[in-house]
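An overview of the molecular structure
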Amino acid sequence: MSINSSTQSSIVAQKTGLPKVVIATTAMLSFISFWRAAAIVLNDLGSSAFYAGAIAEQAIGKAAPWFILAIMLFAYAVRSMYIESCSMFVRGGVYRVVKEAMGSTLAKFSVSALMFDYILTGPISGVSAGQYFTGFLNDLFARSHVNLTLPINSTSAVFAIAVTIYFWWENIKGIPESSGKALRIMYVTTVMVVVMIAWCILTVWVRGAHLPPLPAKANLTFAPEALGWLRFSSIPHTVALIGILIGLGHSVLAMSGEETLAQVYREVEHPKLPNLEKAGLVIFIYSFVFTAGVSFFASMIIPDAIRPQYFGNLISGLSMNFVGPYNLRLGFEGFVVLVGVLMLAGAVNTAIVGSNGVLNRVSEDGILPHWFRHPHPRFGTSYRMLNLVVSLQLLTIILSRGDIFILGEAYAFGVMWSFSMKGLAVLVLRYKQPGKRDFRVPLNFTVGNVEIPLGLGLITVTLFALSIMNLFTKQVATIAGVAFTIIFFTVFEISEKITLKHGAKHQELDMFNLESDGELTPASLSVRPGNALVMIRNSNALYNLAAVLDRINPRQQDVVVLHLRVLSRAGSGGNELSQEDLFSTNQQELFTRALSLAEKRGKSIHLAVAPATEKWEGILRAAQNLQSSTIALGISSWRAIADEARIAGLAWESLPEPRTQLTLEIYSPSGQEHIFYLGPHAPRLTNKEIDLLHGIWLELSNEVAPEEIHHHDVVHIALEELSREIHDGRRQEIIDALRKHLSNNRQRRAPNT
């Protein structure tokens, strides 16, 4: 996921006059629909259907489909936990939530375990895709009597490397590119899933079938490697609960990808939380039907004697055992391989997206140097993060030599411990930060003044039970996971101390690409005419931006956020300005806060800094150049709202022609809106003024009959008469009358002020 950008080396001032404007860009200014968000997560979560059932059956026997089913149901509960964390924090991944709840040390431990998950997600998905592809090629070679057999593991490893490099480049180009491809992959996958399920049902109808044996103690047949350090103990075979937990622990592969939901939340468009809930429902239905369905149908349709030979490509085995002509089944197997390659490759992309997001959270907090977030000079993405992640994934593929079962066994460590720490953190935050939540995990009770979050508590206890059980039963996962976590944690600790030693602070500041330009124009900011220009100056007073974002529809109108640097006339020309003069840490913090407001609402904004020697001259020049229709400000701390509007109107009159009409909106911190119109416009008449106009019209209409008279005729005559009197010696008399009218208005409004 492309999260942040960083500043370029320098900003060059113009040789004469004011310096160039600065346009700040970040890859996070593009938002995606809930369908795209669901597609990104499903490319990981749904892809486990291609291998999770086979890995589980190899470990715990023929009852495995029931454990896959249970995990898919449990995944929906875990997803609700993630939605609650996102409702509290837009950037609500494991690191942020655990840090808020339990401090920086446990947060670094959690994110270290999570990185182990992400580093393995890409390789296991890429290798699985390679196994499907290689197996199909070998079948074609055998059918065509070609004397060639590709080595499964090594060929799969080469294929996984190629796919990883491809999606590395897609992520370098940014999230809209990769999310679009994820959505197209899901379109093709859906066609395959519908055909597969229909064919499975037909096969069961024709041949008949039996459900897998229930997960009773007598039906669990653990492979020696599935028991780990418990293989010499009788506990797994005598204590039913332990056996159930072991079975679930070997099935958790089926719900990998949940953390990516928190990473893509930042990208979800308006309305943000409802769209996340829609994405969560889509993910649940799709993954439940696909992943659990594959596991059950494979057990019911593929004969026991030959099913182990398809553990590397389970759905291919399923398609080759359908009813129907051989050539038709072989053709569908080819389609399955195509879809499997696409979806599993998409999971490689999801792993890169998620890990990039996690590392950006860590870097923002000063744990990693900001050097890692330096943007790609062309695409603005944090390419150094992507390079680090992809390098580790490629190394994992090479070390595993394409053995999917080694990857599958190691994979569960990061999944379960990151889930467990997230669950505990959300539970702790129920008490550390009580109060209203936009979303809460269900099953909450109140005893007196104490809340009992039963649902959240059960989820957390279950996650920790599975995590602890995996420590004893997954030797490869425990050894590799603990080693990786310790190494990453140590790197984080050392890096944090070095970063702090060099003066960096723990502050979540986004980094921006800066581009200098001569003027602000719709083309330079990629906005449409008629945009809303929002002026910001104080990072703690962005209520005007919040109000504009709340009311605006980004599909109809763009929002430009402008910070004006007012320079003294003596220092405005002839001298070059350094980068810090126009975009210092203060501007970086200001734009970070502005971007956070936009992310929370799922709406895009366009950022810029412009210099000026006078406030309103700079604002109106920017609005005129951008072809804005609205200017939105906060109230001034030293100038009355009416005075601000009057000065704005006078400044508008001094603009060169052509001058377009502008709407000036001044917001107070309470949200009250004051609207003024700059330039010629129809007046906003009070009811009293309308009644007065209508009375005069009634009185005069009878006098001029049969001529027809309209209200605007009365206004026209009155204005001409007023203009004539002003210039015929009654100017002072009219001004005195106007002052008396304004004084009376103030007195009437005073009791309500």
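**Thoughts on the overall build of the protein**
Scanning the protein from N- to C-terminus turns up 27 helices and ten strands. In terms of its C-alpha atoms, the protein occupies a principal-axis envelope of roughly 110 × 70 × 65 Å. Put simply, 80% of the contacts in the protein that link residues at least 6 apart link residues at least 24 apart. Where the 61 positive side-chain charges of the protein centre and where its 57 negative ones centre are 7 Å apart.

**Digging into the packing of aromatic side chains**
All chains considered together, the criterion is met by 20 aromatic pairs. Members of the aromatic cluster, joined through ring pairs, are Phe116, Phe413, Phe484, Phe488 and Phe492. Above the ring of Tyr265, the side-chain terminus of Lys272 is found at 5.3 Å from the ring centroid.

**Observations concerning the packing of helix H25 (residues 687–704) against helix H26 (residues 711–727)**
Orientation of H25 relative to H26, taken along the N-to-C sense of each, is 100 degrees, at an axis distance of 9 Å. Classified by the interaxial angle, the pair formed by H25 and H26 is roughly perpendicular. Of the residues in H26, those touching H25 at Leu693, His694, Ile696 and Trp697 are His711, Val714 and Val715. Taken together, the residues of the contact of H25 with H26 break down into five nonpolar, two polar and no charged.

**Overview of the packing of helix H3 (residues 64–88) against helix H11 (residues 258–265)**
Between H3 and H11, whose axes approach to 9 Å, the crossing angle comes to 25 degrees. Classified by the interaxial angle, the pair formed by H3 and H11 is roughly parallel. With respect to the hand of their crossing, H3 and H11 are arranged in right-handed fashion. In this structure, H3 contributes Ala75, Val78, Arg79, Tyr82, Ile83 and Cys86 to the contact, and H11 contributes Glu258, Glu259, Leu261, Ala262 and Tyr265. Each residue belonging to the contact of H3 with H11 can be placed in one class, and the counts come to eight nonpolar, no polar and three charged.

**Side note on helix H15 (residues 383–400)**
Compared with the 26 Å implied by 1.5 Å per residue over 18 residues, the 26 Å span of H15 between its first and last C-alpha is a close match. Within the span of H15, buried status applies to Tyr383, Arg384, Met385, Leu386, Val389, Val390, Gln393, Leu394, Thr396, Ile397 and Ser400. At its buried positions, H15 is contacted by helix H5 (104–143), helix H6 (152–173), helix H14 (326–364) and helix H16 (404–432). Arg401 sits one or two residues past H15 and shows a positive phi near 60 degrees.

**Comments concerning unusual backbone geometry**
The step from His270 to Pro271 runs through a cis peptide bond, and the omega angle for that step is -5 degrees. Relative to the assigned elements, Pro271 resides in the loop between H11 and helix H12 (272–301). The omega angle of the peptide bond from Glu657 to Pro658 is 0 degrees, so this bond is cis rather than trans. Structurally, the position occupied by Pro658 is in the loop between helix H24 (641–653) and strand E9 (662–667). In this structure, His145 takes a positive phi of about 60 degrees despite not being glycine. By secondary structure assignment, the location of His145 is in the loop between H5 and H6. Overall, His145 belongs to the exposed group, its relative accessible area being 74%. The phi dihedral of Leu443 is positive, around 70 degrees, even though this residue is not glycine.

**A short note on the pattern of salt bridges**
Close approach of charged atoms allows side chains with opposite charge to pair. In this structure the tally under the stated criterion is 23 salt bridges. With a closest N to O distance of 2.4 Å, Glu599 and Arg266 form a salt bridge. Highlighted residues: Glu599 in helix H22 (residues 585–601) and Arg266 in the loop between H11 and H12, separated in sequence by 333 residues. What makes Glu599 buried here is its relative accessible area of 1%. The partner of Glu657 in a salt bridge is Arg659, with the nearest N and O atoms 3.3 Å apart.

**Re the side chain of Glu269**
Inspection of the secondary structure puts Glu269 in the loop between H11 and H12. Of the polar contacts made by the side chain of Glu269, one reaches the side chain of Arg555; its length is 3.2 Å.

**A closer look at H11**
At 3.6 residues per turn, the α-helix brings residues three or four places apart onto the same side. Taking burial as the measure, the eight residues of H11 include eight buried ones, the bulk of the element. By the burial criterion, the buried members of H11 are Glu258, Glu259, Thr260, Leu261, Ala262, Gln263, Val264 and Tyr265.

**Thoughts on the pairing of strand E10 (residues 673–678)**
Relative to E10, E9 is paired through six bridges, and the arrangement is antiparallel. From the neighbouring strand, Leu662 faces E10, where its bridge partner is Leu678. Linking E9 to E10, which pair antiparallel, is a turn of five residues; within it Gly671 sits at a positive phi near 100 degrees.

**Overview of the environment of Gln624**
Within the secondary structure, Gln624 sits in helix H23 (residues 615–626). Under the relative-accessibility criterion, Gln624 is labelled partly exposed at 23%. Separated by 117 residues in sequence, Gln624 and His741 have C-alpha atoms that sit 34 Å apart. Residues contacting Gln624, with those up to four places away along its chain left out, are Leu655, Pro656, Pro658 and Arg659.

**Comments concerning a nonpolar patch on the surface**
Among the surface-exposed residues, Tyr431, Leu443, Phe445, Val447, Val450, Ile452, Leu454 and Leu458 lie close enough to one another that they form a single nonpolar patch of about 750 Å² accessible area. Along the polypeptide, Ile452 turns up in strand E3 (residues 450–453). With a relative accessible area of 35%, Ile452 lands in the partly exposed category.

**A word on the nonpolar core**
In this structure, Phe50, Met196, Met255 and Phe290 are the most contacted members of the largest nonpolar core, which totals 157 residues. When residues of this core are assigned to their parent elements, the largest contribution, 15 residues, is made by H16. Counting 30 residues, the second-largest nonpolar core is a separate cluster that includes Leu533, Met535, Ala608 and Ala612.

**Here we look at the confidence of the model for the protein**
Residues of the protein with pLDDT of at least 70 account for 91%, and the chain-wide mean is 84. Here helix H21 (residues 579–582) stands out as the element of the protein with the lowest mean pLDDT, 58, in contrast to strand E5 (residues 532–535), whose mean of 96 is the highest. Here residues 1–19 is a poorly scored stretch, pLDDT under 50, and it has 98 contacts once near neighbours within four places are set aside; other chains count.

**Considerations on the environment of Thr485**
Summarising the element assignment, Thr485 is placed in helix H18 (residues 475–501). For the pair Thr485 and Arg207, spaced 278 residues apart in sequence, the C-alpha to C-alpha distance is 49 Å. Filtering out sequence-adjacent residues up to four positions away, Thr485 remains in contact with Phe109, Ser112, Ala113 and Phe413. There is a polar contact of 2.7 Å between the side chain of Thr485 and the backbone oxygen of Gly481.

**Looking at the pairing of E5**
Along a regular strand, successive side chains alternate from one face of the sheet to the other. Across the two faces of E5 the burial is the same, with Ala532 and Val534 and Leu533 and Met535 all buried. Here four bridges tie E5 to strand E6 (residues 559–566), and the two strands are oriented parallel to one another. Looking at E6, one finds that Leu533 is bridged to Val560. In this fold, the crossover linking E5 to E6 by way of helix H20 (residues 543–551) has right-handed handedness.

How each quantity is defined
Residues numbered from 1 in each chain as written. Predicted model: local features only at pLDDT ≥ 70, side-chain atom pairs only at ≥ 80, totals over all residues. Heavy atoms only, no water. Helix = DSSP H or I, 4+ residues; strand = E, 2+ residues; numbered from the N terminus. Contact = heavy atoms within 4.5 Å. Lys, Arg positive; Asp, Glu negative; His and termini not counted. Charge placed at Lys NZ, Arg CZ, Asp CG, Glu CD. Phe/Tyr/Trp six-rings, centres within 6.5 Å; stacked < 30°, edge-to-face > 60°. Lys NZ or Arg CZ within 6 Å of the ring centre and 35° of its normal. Axes fitted to C-alpha atoms, helices over the stretch in contact; angles between N-to-C directions. Parallel < 35°, antiparallel > 145°, perpendicular 65-115°, else oblique. Nonpolar A, V, L, I, M, F, W, Y, C, P; charged D, E, K, R; others polar. Left-handed = near helix turned anticlockwise from the far one by under 90°. Expected span 1.5 Å × (residues − 1). Buried < 20%, exposed > 50% of the residue type's maximum accessible area, 1.4 Å probe, protein only. Salt bridge = Lys/Arg side-chain N within 4 Å of Asp/Glu carboxyl O. Polar contact = N/O pair within 3.5 Å; in protein donor to acceptor, adjacent residues only side chain to side chain. Pairing = 2+ DSSP bridges. Patch = residues over 30% accessible without salt bridge, like charges linked within 9 Å, V, L, I, M, F, W, Y side chains within 5 Å. Areas by Shrake-Rupley, 256 points an atom, 1.4 Å probe, with all protein chains shown as cover. Core = buried A, V, L, I, M, F, W, Y, C linked by side-chain atoms within 4.5 Å. pLDDT = per-residue confidence, 0-100. Right-handed = clockwise from strand over helix to strand, strands pointing away.

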